[in-house]
Amino acid sequence: MKFFIDTANLDEIAEAQALGVLDGVTTNPSLMAKEGITGEANILAHYQKICDIVDGDVSAEVISTDFEGMVKEGEALAALHPQIVVKLPLIADGIKACKYFSDKGIRTNVTLVFSAGQALLAAKAGATYVSPFLGRLDDISTDGLNLIAEIRQIYDNYGFETQILSASIRHTMHVIDCAKIGSDVMTGPLSSITGLLKHPLTDIGLAKFLEDYKKGNQ
Ligand code: E4P
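Predicted model only: the values in this text are computed from it and were never measured.

Colleague: Could you clarify how one ought to interpret the overall build of the protein in this entry?
Modeller: From N to C terminus, the protein includes eleven helices and eight strands. The buried share of the protein, taken over its 218 residues, is 36%. Considering only residue pairs separated by 6 or more positions, the protein has 54% of its internal contacts joining residues 24 or more positions apart.

Okay, structure coming up:
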C-alpha cells in the first residue's frame, strides 16, 4: 500500500519523506488555506516546493467547477511538474474533465467520493486515483470502511486500474483496516503514519537491551 501524507505543511512533508516510507502528498484548498498559501502564483510556487521535497505523486486540486475552467487549471497544474496529479471533484464536469485528462495521458485524482456509484463513474472516466473520504463518512455514523470494501470489489470484478486512495484517514486503525481490505493508497495526517511506530513493548524491550548491554560493557 502506498502512503501519502494529507497536508500542505512543508515541515510535515519533509519529516514523512525523511522516514523513507512516503509515496506522495495530497492537498486540497482547505489544507493550502491552513498554511496561509493564497493567490495563484503562491499556490503554484508551493506545489513546486512540495514536489522538490517528496519523491512521488502530488495531488493539486482545481478550484473551477465547470469543464472549461477545470481543463485550463488542470493543464497549468500538470505543466508545473511531472509529479503533479490533477485533483478533480466528483461532479458531472469533474467526470468530463477526468475523461479529457485521461485521454491526454494526464493523471487525475477524483475527490469527494462518498458512494460506490461515484467511484464506478470515476473509474469509467479513467481516473488514476479515486478518493473515498472514509473519516467524513465515519463522522456521520456511516461505515466508511464498508465503502472502501465495496469499491475494492467493484474494481476487482472488472479489472479497473483506477487506484483506491483511501482519504480522510483519521488514525492508525484506519490505515491498518484499509491495508486489510486492499486499498491501494492511504492519505492521512503525519500522526497516522508515525503512530504506526508505537508499541510499548518495543520501548520496554529496547530499554532492557540497552541496559543489559551497558551492564556487560562497563
Ligand atoms: C483527500 O484528498 C482530502 O484532502 C482529505 O483526505 C480530506 O480529509 P479530512 O476529512 O480530514 O478533511
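Colleague: Just to check I follow, could you spell out the site of the ligand for this structure?
Modeller: Neighbouring the ligand are Asp6, Thr26, Asn28, Thr111, Ser131, Phe133, Gly135, Arg136, Ala167, Ser168 and Thr187. Residue composition of the shell around the ligand, by class: two nonpolar, seven polar and two charged.

Colleague: In this structure, what is going on with the nonpolar core? I would like to understand it.
Modeller: Among soluble globular proteins, nonpolar side chains are generally buried collectively. By size, the foremost hydrophobic cluster in this structure holds 48 residues, and its most contacted members are Val58, Val86, Cys98, Val110, Ala122, Ala127 and Val130. Alanine 127 has contacts with Cys98, Thr108, Val110, Ala122 and Thr162, leaving out every residue within four places of it along the chain.

Colleague: Just to check I follow, could you spell out the packing of helix α6 (residues 116–124) against helix α8 (residues 144–158) for this structure?
Modeller: The description of two helices packed together rests on the angle between their axes and the distance between the axes. Between α6 and α8, the shortest axis-to-axis distance is 9 Å and the interhelical angle comes to 40 degrees. Between α6 and α8, the angle is such that the two are oblique. The way α6 lies across α8 gives a crossing that is right-handed. Contact residues: Ala116, Ala119, Leu120 and Ala123 in α6; Leu147, Glu150, Ile151, Ile154 and Tyr155 in α8.

Colleague: Help me out: how do you make sense of unusual backbone geometry in this one?
Modeller: Residues apart from glycine generally show negative phi values, whereas peptide bonds are mostly found in trans. Phi at leucine 112 is positive, roughly 60 degrees, even though this residue is not glycine. Of note, leucine 112 is situated in strand β5 (residues 108–113). On the basis of neighbour counts, which here come to 19 C-beta atoms within 10 Å, the residue leucine 112 falls in the partly exposed class. Phi is positive for serine 168, which is not a glycine, with a value near 60 degrees. Assignment of secondary structure puts serine 168 in the loop between β7 (163–166) and α9 (172–181). According to the C-beta neighbour criterion, serine 168 is buried, with 21 such atoms within 10 Å.

Colleague: Looking at this structure, I do not really get the UniProt feature "active site" (unreviewed entry) in the protein. What am I missing?
Modeller: Taking the UniProt record as the reference, the feature "active site" (unreviewed entry) is found at Lys87. Of note, lysine 87 is situated in strand β4 (residues 84–89). With residues up to four places along the chain from it excluded, the contact list for lysine 87 reads Ser59, Ala60, Glu61, Val62, Asn109 and Thr111.

Colleague: Please clarify how the confidence of the model for the protein should be interpreted in this entry.
Modeller: For any part of a model where pLDDT is low, the fine detail of the predicted coordinates should not be relied upon. On average, residues of the protein score 98 in pLDDT, and 100% of them are at 70 or above. In the predicted assembly, ipTM is 0.96 and pTM is 0.96.

Colleague: I tried to follow the packing of helix α4 (residues 67–80) against helix α5 (residues 92–103) on my own but got confused; where do I start?
Modeller: Axis separation between α4 and α5 bottoms out at 9 Å; the angle between their running directions is 45 degrees. Considered as vectors, α4 and α5 are oriented oblique to each other. For α4 against α5, the interelement crossing comes out right-handed. Note on element contacts: α5 touches α4 through Asp93, Gly94, Lys96, Ala97, Tyr100 and Phe101, opposite Phe67, Met70, Val71 and Gly74.

Colleague: Would you mind going over the sheet that holds β5 with me for this structure?
Modeller: Hydrogen bonds along the backbone pair up the strands of a sheet, which may run parallel or antiparallel. The eight strands are arranged β1-β2-β3-β4-β5-β6-β7-β8 in a closed barrel whose pairing can be described as parallel. Taking each pair of neighbouring strands and ignoring which way they run, the sheet shows an average axis angle of 30 degrees. With four bridges joining them, strand β1 (residues 2–6) and strand β8 (residues 185–188) adopt parallel strand pairing. In the sheet register, lysine 2 faces β8, and the bridge partner there is valine 185. The sheet strands contacting α4 are β3 (57–61) and β4, and the helix crosses β4 at an angle near 160 degrees.

What counts and what doesn't
- Residues numbered from 1 in each chain as written.
- Predicted model: local features only at pLDDT ≥ 70, side-chain atom pairs only at ≥ 80, totals over all residues.
- Helix = DSSP H or I, 4+ residues; strand = E, 2+ residues; numbered from the N terminus.
- Buried ≥ 20, exposed ≤ 12 C-beta atoms within 10 Å, placed from the backbone.
- Contact = placed C-beta atoms within 7 Å.
- Near = placed C-beta within 6 Å.
- Nonpolar A, V, L, I, M, F, W, Y, C, P; charged D, E, K, R; others polar.
- Core = buried A, V, L, I, M, F, W, Y, C linked by C-beta atoms within 7 Å.
- Axes fitted to C-alpha atoms, helices over the stretch in contact; angles between N-to-C directions.
- Parallel < 35°, antiparallel > 145°, perpendicular 65-115°, else oblique.
- Left-handed = near helix turned anticlockwise from the far one by under 90°.
- UniProt positions renumbered as here; feature names shortened; annotations may be inferred.
- pLDDT = per-residue confidence, 0-100.
- Pairing = 2+ DSSP bridges.

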